[in-house]
Amino acid sequence: MTVLAILLLIIGTLLVLIGALVILVGMFLIAVGAILVLMGMTLIGMGAYLLIRRLLGHDRDRSHGW
């Protein structure tokens, strides 16, 4: 009985540690995904702003092409 109790204690501890590790990895991936979404939204906003400026004709007085 004592061997079974020790075995169950070790297995339970390992499962808890593995579960905590999976949660931490998941939180890291969620944070990376949120950063990528924010960067994408920023780039879309900048592109739309520059495209609208060009379409409205505000870049006519500049000599360079960008």
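Residues numbered from 1 in each chain as written. Predicted model: local features only at pLDDT ≥ 70, side-chain atom pairs only at ≥ 80, totals over all residues. Heavy atoms only, no water.

> For this particular structure, what's the right way to read the overall build of the chain?
From N to C terminus, the chain includes one helix and zero strands. In the chain, which comprises 66 residues, the proportion classed as buried is 0%. In the form shown here, the chain has an accessible surface area of approximately 6,200 Å², with 82% of it arising from carbon and sulfur atoms. (Helix = DSSP H or I, 4+ residues; strand = E, 2+ residues; numbered from the N terminus. Buried < 20%, exposed > 50% of the residue type's maximum accessible area, 1.4 Å probe, protein only. Areas by Shrake-Rupley, 256 points an atom, 1.4 Å probe, with all protein chains shown as cover.)

> I keep staring at helix H1 (residues 2-56) and nothing clicks. Help me out?
Since one α-helical turn is 3.6 residues long, residues separated by three or four positions face the same way. In this model, H1 (55 residues) spans 81 Å end to end at C-alpha, consistent with the 81 Å of a helix rising 1.5 Å per residue. In the segment just after H1, Gly-57 is the residue with positive phi, at about 85°. (Expected span 1.5 Å × (residues − 1).)

> When you look at a nonpolar patch on the surface in this model, what are you seeing that I'm missing?
A cluster of nonpolar residues, Leu-21, Val-25, Phe-28, Leu-29, Val-32, Ile-35, Leu-36 and Met-39, forms a patch on the protein surface that exposes about 790 Å² of accessible area. With respect to the helices, strands and loops of the structure, Leu-21 is situated in helix H1. Classification of Leu-21 as exposed rests on a relative accessible area of 52%. (Patch = residues over 30% accessible without salt bridge, like charges linked within 9 Å, V, L, I, M, F, W, Y side chains within 5 Å. Salt bridge = Lys/Arg side-chain N within 4 Å of Asp/Glu carboxyl O.)

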